[in-house]
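Summary of structural features
The lines below spell out each chain.
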Amino acid sequence: MAQTVLHKADTRGVADHGWLKSYQSFSFAGYYNPERINFGALRVLNDDIVSGGRGFGEHPHDNMEIISIPLEGELQHRDSMGNIATIKSGEIQVMSAGTGIYHAEYNPDTNHPAKFLQIWVFPNKRNVTPRYDQVLVDTKGKKNEWIQILSPNPDDAGVWIHQDAWFNMANFDAGVSQTYSLHSPDHGVYIFVLAGELEIEGRTLAARDGLGIWETTQFEVKATADARFLLMEVPMKF
Amino acid sequence: MEAQTPIDILIVGTNRSIMETIARLIDKDGEWLATIANNQSEALAICRSKDFGLALIGAGLSPSEEEELQQAWSANYPNMPIVKHYGGGSGLLYAEIYKALGN
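1. Details of unusual backbone geometry
All names here are of chain A.
- The residue Asn127 is not glycine, and still its phi comes out positive at about 65°.
- Here Asn127 is to be found in the loop between strand S11 (114-121) and strand S12 (131-136).
- You will see that Asn144, though not glycine, has its phi angle at about 60°, which is positive.
- Secondary-structure assignment places Asn144 in the loop between S12 and strand S13 (147-151).

Printed below as a string of structure tokens:
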């Protein structure tokens, strides 16, 4: 029987640095909850709001697959590999930090905040060569289907990472139901609702709620209101 | 009130600037004190001269070096928790340390 864990939006950690407001589904930086460390290989899910003209100064990372998904506005990225890029809503950015990378990110729009998801996945191999990539994922007009934005395969849709993980974005109309089939019975799925309402395994999820589901090979996702959500499949043991 | 003796934390990794960042973050806590080892042999040598409450393995060591370190530490310092550090900065560091120290 499928196992589930529900993380309501208002139970997330909150860090308010003035220029950055971060809602953290799992323990991160100053937020520590021993019951909320990770969901399988998914270690970080931060729902960040960066004030206009502000951002993260240069800082290091290593041994982590770091995915950024802008939701509103844009972010400028600069890193120690020489990459300078801007990512905006509709795009997805990935960094394999591997042996080490320095980067900085800021919101170039001084008038509006940038909103984005920052997601960290444990790599399946330590000390890989650092890499950066970003792709445009066209989700507009695509409704009631899974839109793959990440996989372990360089030739597949979306970005790829060093882990057996698959991410899908979805926009479901109210009343629509779809089955999601996992790639392995040893995997789990963490669903994060961006807007609207879903029903999964008898659980109701509202905006910014997260649900982890594992020990199953497939499950049904029903939108009880128009809903936009992110579905992250990751290994539970890695 | 008597000041608590800080917990010594050994961090091992080959990227000097990332190690320095991690050491700065650890020292900032006030209750922990970081020592940097830049490679496997340095890590083993430092452990012979000082007791550590925790060891963090950072980036840059080969899989065999990581394995040998873990084996040597487990054999010689069975009470010292050993953690593979991920992320390279403040994101996961405190949770890794709290969890290892049983906080």
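After that view of the structure, there is still more to cover.
2. Looking at the sheet that holds strand S8 (residues 84-88) of chain A
- The strand order S5-S10-S7-S8 (chain A) describes an open sheet built from four strands, whose pairing is antiparallel. Each edge of the open sheet carries a strand with a single partner, namely strand S5 (55-61) and S8 of chain A. Strand-to-strand twist of the sheet, defined as the mean angle between neighbouring strand axes without regard to direction, takes the value 20°.
- As defined by bridge partners, strand S7 (residues 74-79) of chain A adjoins strand S10 (residues 101-106) of chain A across four bridges and the pair is classed as antiparallel. Across the sheet, residue Asp79 of chain A finds its bridge partner in S10 of chain A, namely His103 of chain A.
- Relative to the sheet, helix H1 (residues 16-28) of chain B contacts S5 and S10 of chain A, its axis offset from that of S10 of chain A by approximately 65°.

3. Details of the interface of chain A and chain B
- Each partner contributes residues to the interface: chain A has 22 residues there, and chain B has 24 residues.
- Roughly 1,800 Å² of surface becomes buried between chain A and chain B when both sides are summed, with 57% attributable to carbon and sulfur atoms.
- Joining chain A to chain B, the criterion identifies one salt bridge.
- Across the contact surface, chain A and chain B share 12 residue pairs in polar contact (both at pLDDT 80 or more).
- Listed by contribution, the elements that provide at least two residues to the side of chain A that touches chain B are strand S4 (42-50), S5 and S10 of chain A.
- The residue inventory of the side of chain A that touches chain B, partitioned by class, reads 12 nonpolar, seven polar and three charged.

4. A word on the packing of aromatic side chains
- This structure, assessed with the given rule, holds 16 aromatic pairs over all chains.
- Ring centres 5.0 Å apart and planes at 40° place the aromatic pair Tyr32 of chain A and Tyr98 of chain B in the tilted group. With Tyr32 of chain A in the loop between strand S3 (20-24) and S4 and Tyr98 of chain B in helix H4 (residues 90-101), this residue pair bridges two chains.
- Here Arg126 of chain A stacks its cationic end above the ring of Tyr86 of chain B, 4.9 Å away from the centre of that ring.
- Seen from the ring of Trp160 of chain A, Arg131 of chain A lies directly overhead, with NZ or CZ sitting 3.8 Å from the centre.

5. Structural notes on H4 of chain B
- Its 12 residues place the ends of H4 of chain B 17 Å apart at the C-alpha level, agreeing with the 16 Å of an ideal helix rising 1.5 Å per residue.
- Following H4 of chain B by one or two positions, Gly102 of chain B has its phi on the positive side, about 75°.

6. Observations concerning the domain arrangement of chain A
Residue and element names in this part refer to chain A.
- Annotation of chain A at the domain level lists domain 1 (13-136) and domain 2 (147-235).
- The distance between the C-alpha centroids of domain 1 and domain 2 comes to 20 Å.
- At the interface, 24 residues of domain 1 touch 24 residues of domain 2.
- When the two sides are added together, the surface that domain 1 and domain 2 hide from each other amounts to roughly 2,000 Å², 75% of it contributed by carbon and sulfur.
- Contact with domain 2 buries surface across domain 1, with Phe39, Asn124 and Arg131 losing the most and accounting together for 26% of the total.
- Between domain 1 and domain 2 we count one salt bridge in total.
- Two residues, Arg208 and Asp47, come together in a salt bridge whose shortest N-O distance is 2.7 Å.
- Where domain 1 meets domain 2, there are six residue pairs in polar contact (both at pLDDT 80 or more).
- Classifying every residue of the side of domain 1 that touches domain 2 gives 17 nonpolar, four polar and three charged.

7. Overview of the sheet that holds S3 of chain A
Residue and element names in this part refer to chain A.
- Taken in spatial order, the seven strands make up an open sheet running S2-S3-S4-S11-S6-S9-S12, and their pairing is antiparallel. Strands with a single pairing partner mark the edges of an open sheet, and in this sheet they are strand S2 (13-16) and S12. Taking each pair of neighbouring strands and ignoring which way they run, the sheet shows an average axis angle of 20°.
- Taken together, the eight bridges between S4 and S11 define a ladder with antiparallel strand orientation. Note on S11: the bridge partner recorded for Asp48 is Phe116.

8. Comments concerning the environment of Leu56 of chain B
Residue and element names in this part refer to chain B.
- With respect to the helices and strands, the residue Leu56 is situated in strand S3 (residues 54-57).
- Taking the C-alpha atoms as reference points, Leu56 and Gly13, separated by 43 residues in sequence, lie 8.8 Å from one another.
- Non-local contacts of Leu56, meaning those with residues more than four positions away in its chain, are made with Ile9, Leu10, Ile11, Val12, Ile26, Val83, His85, Leu93, Glu96 and Ile97.

What counts as what
- Residues numbered from 1 in each chain as written.
- Chains lettered and ligands numbered in written order.
- Predicted model: local features only at pLDDT ≥ 70, side-chain atom pairs only at ≥ 80, totals over all residues.
- Heavy atoms only, no water.
- Helix = DSSP H or I, 4+ residues; strand = E, 2+ residues; numbered from the N terminus.
- Pairing = 2+ DSSP bridges.
- Axes fitted to C-alpha atoms, helices over the stretch in contact; angles between N-to-C directions.
- Contact = heavy atoms within 4.5 Å.
- Buried area = accessible area lost by both parts, 1.4 Å probe.
- Salt bridge = Lys/Arg side-chain N within 4 Å of Asp/Glu carboxyl O.
- Polar contact = N/O pair within 3.5 Å; in protein donor to acceptor, adjacent residues only side chain to side chain.
- Nonpolar A, V, L, I, M, F, W, Y, C, P; charged D, E, K, R; others polar.
- Phe/Tyr/Trp six-rings, centres within 6.5 Å; stacked < 30°, edge-to-face > 60°.
- Lys NZ or Arg CZ within 6 Å of the ring centre and 35° of its normal.
- Expected span 1.5 Å × (residues − 1).
- Domains from an automatic or database assignment.

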